[in-house]
Amino acid sequence: MGDNKRTFSGAVGGLVGFIGMSAIAGVLITVAVTPALAVSSLAMTSTINVFENLPDYLKIDELSQVSTIYAVQADGQPYELASFYDQNRVEVPLEAMNQFVQDAVVAGEDPRFREHGGIDLQGTMRAALAKFTGGPTSGGSSVTQQYVKNVLVQKCEVMPDPAKLKACFKSATDATEERKLKEMRLAIGVEKVYTKDEILQGYLNITGFGGTVYGIQAAAEYYFSATAATLSLPQAASLIAIVNNPEKFRLDEPENEANGAANGYLANKDRRDYILFEMLKHKKINQVDYDAAVASPIQPVITEPSTGCQTAGGSAYFCDYVTYQLKTDPTFGDDEDSRITNFRRGGYQIYTTLDMELQMATEATIAENVPMTFDGWDVGAVATSVQVGTGRVLTMAQNKKYTQLEVAPGPEYTGINYNTDLNQGGSLGFQPGSTYKVFTLAEWLKEGHPLGERVDSARKANWGQFPDYCDGPQSFPGYNPRNDSNESGRNYSALESTIDSINTGFLGMAKRLDLCKIRDTAGSFGVHRADGEPLQKGASSVLGTNEIAPLSMAVAFAGIANKGTTCSPIVIDRIVGGDGVEIPAPVSTCTASVAPEVAAGMAYAMERVMTQGSAGESYRNTSPRVDMIGKTGTTDGSNDTWMSGASSKVATVVGVVSVTGKENNQRSLRFDSGSAATARHRMWPDIMGVANAKYGGDEFDEAANNLIRGVQVTVPDVRGQSVDAARSTLEAAGFGFTDGGVTDSELPAGTVARSDPAAGATTSTGATVTVYSSNGAQVLLPDAVGQKADQAKVTLAGFGIVTNDQAVTDPAQNGVVLAMSPAAGTPATPGGTVTIVVGRLGAAPPG
């Protein structure tokens with residue numbers, strides 16, 4: 001009773017409102033029904049003029065729709081990874097909405113919809129009277145008017161400026177006679193342009209159903225796991241009930257006391273049953289259907305829509321990378337903010353490059369071989385594959401669960417994509433270790449050095465100066481890296497250094513090159529730091545100390561396999577707009593990084609890394625096998641381990657890393673699958689085996705002989721020369737010179753005792769020859785063969801003598817030295833041992 005009592009001021013306000021609404025009704029009657037009728041009232045004439053001067057054209061924009069990212073399966077069918085929206089809406093035609101839906105709208109919201117010209121005068125007058133008398137609120141807006149209001153609200157919701165959006169929304173929804181008059185005028189205009197079916201279809205696609213759910217199709221999916229075509233009668237009525245007051249009648253708040261599961265969603269049921277009664281009254285359903293529908297309980301089956309990349313499972317990080325690519329695509333807008341907004345509203349269908357078969361294999365092998373967490377170690381595992389020659393990213397996975405929360409719910413979760421750059425949702429990158437050496441190899445071959453050429457590979461604390469065209473010659477005192485397997489050779493060839501990943505060999509190669517050019521060559525393969533800073537170019541960078549995203553390395557290895565032409569990564573094959581029209585997708589840019597013949601030389605060496613060198617385990621474990629190139633990498637302290645390689649069709653990079661850089665020697669750690677340090681060699685073959693079976697592989701181009709062996713020349717004999725003279729002789733012949741230090745020799749102290757390669761050996765032009773000088777500590781052994789044993793001991797004075805008897809039958813050989821070891825003429829150090837063999841008649845034959 002108290003709620004219905006009215007004050008004097010309220011009554012006056014109601015009367016004013018009634019007069020205003022009556023004037024509007026009179027205007028509408030005059031304009032819409034009897035335009036020829038003479039109107040004598042000045043007020044009425046003025047009102048008519050105002051009304052007629054209002055705009056009657058309403059531009060109906062494209063509705064905000066769900067955009068979806070897909071992978072395409074092997075059978076060509078799309079597989080939904082994730083959807084994105086501001087408003088969960090899927091537009092459908094009227095034919096895809098069953099008759100229950102259509103009839104429920106008309107009966108419940110606007111019974112005379114098919115008869116009026118946009119304005120239901122009877123309903124309008126009823127609403128005005130209710131407002132004046134203080135009676136129950138009665139909606140007077142026709143379906144067309146509601147449609148107009150929704151269209152105006154939609155125009156507001158796409159405004160990026162919050163202040164403008166608020167002002168627009170107020171203008172579109174204020175409960176004023178002025179706003180209502182404009183709405184009516186526009187409704188009449190809409191009715192002149194669109195058919196009743198078109199208006200009904202537009203209304204059912206635009207209207208809100210609570211929260212972010214818009215349109216009858218999305219509402220059917222969300223509330224009842226159905227479609228607009230398959231809704232039952234009571235379900236259809238329940239959904240149309242929501243339209244009247246979305247927040248009051250929504251069905252996804254089971255704990256709501258007024259409209260929840262405990263009371264059978266009573267508020268919605270009351271409205272639903274009213275709609276069912278109106279349907280019965282207007283003969284849209286029969287009594288039997290009505291009775292059954294009213295008796296049926298409301299049982300929502302809430303189906304959360306997939307929104308955001310977390311719904312993509314193990315492919316979530318690939319999905320996340322796709323969204324960052326969309327932010328840079330001008331197809332979606334002029335700047336990053338407008339692009340992602342337009343994507344979330346535009347109803348785009350994005351068909352990606354993801355190969356689901358290869359992705360599943362990638363996810364499976366990571367899960368099998370590397371745990372999501374490990375006590376005392378922030379372990380990470382990454383894998384990404386790129387199609388050679390196209391730049392299409394085929395796989396992307398890591399050993400974590402994806403989350404969009406700012407604070408991860410546990411150590412097994414992260415929103416950081418370990419495979420990509422920082423500005424693409426990724427990390428700061430990881431040191432690729434020796435996999436980076438391939439860029440020094442490329443520069444080596446570009447500069448005309450063959451694989452067979454040898455360099456000074458001895459470990460040293462001072463490597464002297466490295467050429468650097470950017471900043472002048474550079475020195476790095478104290479930089480003294482060891483070789484991973486403690487190789488101690490002093491004169492490795494470029495091929496040997498590549499096969500066995502010899503650190504000192506690559507530093508020796510870099511000494512003959514230019515640090516800045518090596519950096520430039522890496523950049524030509526698309527390699528860059530993940531943090532956006534310039535690539536570093538010190539001596540240590542030759543061995544892979546720049547922090548780089550795994551995807552960048554996969555792109556580079558694909559470039560090597562593509563005869564030296566690198567294609568930028570792409571993740572989108574097709575884009576279909578909300579109107580069904582295909583939109584040009586971003587394209588890969590392919591550029592020549594090195595000449596094909598240089599790439600062939602690189603492949604020659606990198607194939608042998610697989611078959612003879614450090615990547616042999618990955619090669620042997622891959623099935624089926626095709627021609628493959630590869631390079632391994634291990635960072636300082638074995639913190640990070642890498643296997644990077646490619647066939648002529650697919651390049652794959654796999655790594656096990658310390659995410660935050662904490663030191664953990666992988667060689668001392670074990671997973672359930674085996675050693676942490678060799679997990680890369682268990683994962684890479686699993687991925688490439690599937691890739692080889694699906695994509696195949698061709699033989700790599702044959703490398704030219706001049707890139708393998710170079711021009712073969714003979715090493716001059718510099719023995720006996722002074723060290724300075726030997727340097728001049730060798731450099732004049734086109735060789736590099738390295739002082740190997742002092743060695744035992746019979747030659748005069750300070751003169752050259754020997755070289756490596758030795759005098760007379762053939763090697764490549766430009767190869768480094770290591771020269772060793774004599775300490776004069778040795779003498780040439782005199783010849784004691786044929787002497788009596790006692791005489792031989794005199795001849796070999798200064799040496800320890802070991803005598804072995806040998807049976808003879810010739811009396812002349814009795815007591816005579818038959819042989820000696822070392823042989824006569826061999827350099828030997830005084831005090832050393834010489835073994836002589838003496839003939840003896842009747843001696844037991846040697847056993």
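Per chain, residues are indexed from 1 in the order of the written sequence. Totals for whole chains, interfaces and linings use all residues, but because this is a predicted model, local features are given only for residues with pLDDT of at least 70 and pairs of side-chain atoms are given and counted only at 80 or more. As a rule here, side-chain values come from all non-hydrogen atoms in the structure, and water together with hydrogens is ignored.

## Re the overall build of the protein chain
Here is step 1 of the chain: Only DSSP runs of H or I with at least four residues qualify as helices, and only runs of E with at least two residues qualify as strands; both kinds are numbered from the N terminus onward. Within the protein chain one finds 27 helices and 28 strands.
Here is step 2 of the chain: Relative accessibility decides the category of a residue: with a 1.4 Å probe and only protein chains considered, values under 20% of the type maximum give buried, values over 50% give exposed, and everything between is partly exposed. For the protein chain, the residues scored as buried account for 50% of the 847 residues in total.
Here is step 3 of the chain: Whether two residues touch is decided by their heavy atoms; if any such pair falls within 4.5 Å, the residues are in contact. Counting contacts in the protein chain only where the partners sit at least 6 residues apart, residues at least 24 apart contribute 70% of the total.
Here is step 4 of the chain: Accessibility throughout is a Shrake-Rupley quantity obtained with a 1.4 Å probe, and a residue counts as covered only by protein chains that appear here. As presented, the protein chain carries roughly 36700 Å² of accessible surface, and 52% of it is formed by carbon and sulfur atoms.

## Some thoughts on the sheet that holds strand β23 (residues 768–774)
Here is step 1 of the chain: The strand order β20-β23-β21 describes an open sheet built from three strands, whose pairing is mixed. Sheet topology places β20 (736–743) and β21 (752–756) at the edges, where each strand pairs with a single neighbour. Strand-to-strand, the axes of this sheet are offset by a mean angle of 25 degrees, without reference to chain direction.
Here is step 2 of the chain: A pair of strands counts as paired when DSSP detects no fewer than two bridges linking them. In this sheet, β23 lies alongside β20 in parallel orientation, the contact comprising seven bridges. Bridge assignment links F737 to a residue of β23, and that residue is V769. Angular values range over 0 to 180 degrees, each being the angle between N-to-C directions of two axes fitted as lines to C-alpha atoms, with helices fitted over their stretch in contact.

## Brief notes about the nonpolar core
Here is step 1 of the chain: Among the nonpolar cores identified, the biggest contains 87 residues, and I350, F439, F525, V527 and M602 are the most heavily contacted of them.
Here is step 2 of the chain: Among residues more than four places away in sequence, those in contact with F525 are F439, A442, V555, A556, G559, I560, T566, S593, V594 and M602.
Here is step 3 of the chain: Formed by 58 residues, the second largest nonpolar core is a distinct cluster that contains V105, A187, I206 and A226. As used in this record, nonpolar core signifies buried Ala, Val, Leu, Ile, Met, Phe, Trp, Tyr and Cys residues forming a set joined through side-chain atoms within 4.5 Å.

## Here we look at the environment of R392
Here is step 1 of the chain: Note on placement: R392 falls in the loop between β4 (379–387) and β5 (393–398).
Here is step 2 of the chain: Those residues in contact with R392 that lie beyond four places of it in its chain are T353, S385, V386, Q387, I570 and D573.
Here is step 3 of the chain: Polar contacts, as used here, are pairs of N or O atoms within 3.5 Å; protein pairs need one atom able to donate a hydrogen and one able to accept it. Residues neighboring in sequence count only if both atoms are side-chain atoms. A polar contact is formed between the side chain of R392 and the side chain of D573, at a distance of 2.7 Å.

## A word on the confidence of the model for the protein chain
Here is step 1 of the chain: pLDDT measures the predictor's confidence residue by residue and takes values from 0 up to 100. Mean pLDDT over the protein chain works out to 88, with 90% of the residues at or above the 70 mark.
Here is step 2 of the chain: Contacts of residues 1–23 to residues separated by more than four positions or lying in other chains number 18 contacts, the stretch itself having pLDDT below 50.
Here is step 3 of the chain: Long-range and interchain partners of residues 28–48, a stretch whose pLDDT sits below 50, account for 21 contacts in this model, where long-range means more than four residues apart.

## Focus: the sheet that holds strand β16 (residues 650–658)
Here is step 1 of the chain: Pairing in this open sheet of five strands is antiparallel, and the strands run β5-β4-β16-β15-β14 from one edge to the other. Both edges of this open sheet fall to β5 and β14 (629–634), since each of them pairs with a single strand only. Each neighbouring strand pair of the sheet contributes to a mean axis angle of 5 degrees, computed without reference to strand direction.
Here is step 2 of the chain: When β14 meets strand β15 (residues 641–646), the two strands line up antiparallel, connected through six bridges. Each residue of the ladder has a partner; that of G630, found in β15, is G645.
Here is step 3 of the chain: Packed on one face of the sheet, helix α22 (residues 596–612) meets β14 and β15 and runs near 65 degrees to β14.

## Comments concerning the packing of aromatic side chains
Here is step 1 of the chain: Geometry of aromatic contacts follows a simple scheme: Phe, Tyr and Trp rings, the Trp one being its six-membered ring, pair when their centres are within 6.5 Å, and the pair is stacked under 30 degrees between planes, edge-to-face over 60, tilted otherwise. For the structure on display, the rule yields 14 aromatic pairs.
Here is step 2 of the chain: Each ring, one from Y418 and one from F430, has its centre 6.2 Å from the other, and the planes form 90 degrees; the classification is edge-to-face. Residue Y418 is located in the loop between β7 (413–414) and α17 (437–446), and its partner F430 is located in the loop between β7 and α17; the two are separated by twelve residues in the primary sequence. Accessibility assignment for this pair places Y418 and F430 in one class, buried.
Here is step 3 of the chain: In this scheme, the term charge over a ring applies when either NZ of a lysine or CZ of an arginine sits within 6 Å of the ring centre and within 35 degrees of the ring normal. Above the plane of the ring of Y324 lies K327, whose end atom (NZ or CZ) is 4.1 Å from the centre.
Here is step 4 of the chain: When the ring centre of Y351 is taken as reference, the NZ or CZ atom of R574 above it lies at 4.7 Å.

## Digging into the pairing of β15
Here is step 1 of the chain: In terms of burial, β15 is a largely internal element, six of the six residues being buried.
Here is step 2 of the chain: Here β15 shows no split at all, with T641, M643 and G645 on one side and W642, S644 and A646 on the other all buried.
Here is step 3 of the chain: Hairpin connection from β14 to β15: six residues lie between these consecutive antiparallel strands, with G637 at a positive phi of about 70 degrees.
Here is step 4 of the chain: Relative to β16, β15 runs antiparallel, the two being bridged by six bridges. Among the inter-strand pairings, A646 is bridged to a residue of β16, identified as A651.

## Side note on helix α20 (residues 515–524)
Owing to its 3.6 residues per turn, the α-helix brings residues three or four apart onto one side.
Here is step 1 of the chain: Of the residues making up α20, those classed as buried are L515, C516, I518, T521 and A522.
Here is step 2 of the chain: Structurally, α20 contributes buried residues whose contacts are with α17, β8 (465–466), β9 (474–475) and α19 (503–511).
Here is step 3 of the chain: Count one or two residues on from α20 and you reach G526, which has phi positive near 85 degrees.

## What to know about the environment of A828
Here is step 1 of the chain: Tracing the backbone through its elements, the reader meets A828 in strand β27 (residues 827–828).
Here is step 2 of the chain: Separated by 84 residues in the primary sequence, A828 and D744 have C-alpha atoms spaced 8.4 Å apart.
Here is step 3 of the chain: In this structure, A828 is in contact with A777, Q778, V779, L781 and F799, ignoring residues within four places of it in sequence.

## Considering the state of the cysteines
Here is step 1 of the chain: For the purposes of this analysis, a disulfide is any pair of cysteine sulfur atoms at a distance within 2.5 Å. The tally for this structure, following the rule as stated, stands at four disulfides.
Here is step 2 of the chain: Disulfide pairing places C156 opposite C168 at an S-S distance of 2.0 Å. Residues C156 and C168 are joined through a disulfide that is left-handed, its torsion about the S-S bond being -70 degrees. With C156 in helix α5 (residues 143–157) and C168 in helix α6 (residues 162–173), this residue pair connects regions lying twelve residues apart in the sequence. Here C156 matches C168 in class, with each residue buried.
Here is step 3 of the chain: Between the sulfur atoms of C470 and its disulfide partner C516 the distance amounts to 1.6 Å. With the S-S bond torsion at -65 degrees, the cross-link from C470 to C516 turns out left-handed. Linking C470 in the loop between β8 and β9 with C516 in helix α20, this pair joins segments that are 46 residues apart in sequence.
Here is step 4 of the chain: Each bonded cysteine of the protein chain is numbered by sequence order, and under that numbering the disulfide pairs are 1-2, 3-4, 5-6, 7-8.

## Brief notes about the pattern of salt bridges
Any two side chains of opposite charge can pair if their charged atoms end up close together.
Here is step 1 of the chain: Any Lys or Arg side-chain nitrogen located within 4 Å of an Asp or Glu carboxyl oxygen qualifies as a salt bridge. By the definition in use, this model includes 33 salt bridges.
Here is step 2 of the chain: Across the salt bridge formed by R250 and E253, the nearest N and O atoms sit 3.9 Å from each other.
Here is step 3 of the chain: On the basis of relative accessible area, E253 is assigned to the partly exposed category, the value being 30%.
Here is step 4 of the chain: Note that D698 is salt-bridged to K649, the shortest N-O span being 3.3 Å.

## Describing α17
Here is step 1 of the chain: For α17, the buried fraction is high: nine of the ten residues fall into the buried class.
Here is step 2 of the chain: Within the span of α17, buried status applies to K437, V438, F439, T440, L441, A442, E443, W444 and L445.
Here is step 3 of the chain: The positive-phi residue at the C-terminal boundary of α17 is G448, with phi of around 90 degrees.

## Topic: the packing of α5 against α6
Here is step 1 of the chain: Between α5 and α6, the least distance of the axes is 8 Å, while the angle of their chain directions is 175 degrees. Put simply, α5 runs roughly antiparallel to α6. The segment α5 lies against α6, with K149, L152, V153, C156 and E157 engaging L165, C168, F169, A172 and T173. Relative orientations are named as follows: roughly parallel for angles under 35 degrees, roughly antiparallel for angles over 145 degrees, roughly perpendicular for angles from 65 to 115 degrees, and oblique for any other angle.

## Points about a negative patch on the surface
Here is step 1 of the chain: Within this analysis, patches are made of residues with over 30% relative accessible area and no salt bridge. Like charges are joined at 9 Å or less; nonpolar side chains (Val, Leu, Ile, Met, Phe, Trp, Tyr) at 5 Å or less. Working convention for charge: Lys and Arg count positive, Asp and Glu count negative, and His plus the chain ends are omitted. For the purpose of locating charges, the reference atoms are NZ of Lys, CZ of Arg, CG of Asp and CD of Glu. Where like charges cluster on the molecular surface, the negative patch consists of D334, D335, E336 and D337.
Here is step 2 of the chain: On the secondary structure map, D337 appears in helix α15 (residues 336–345).

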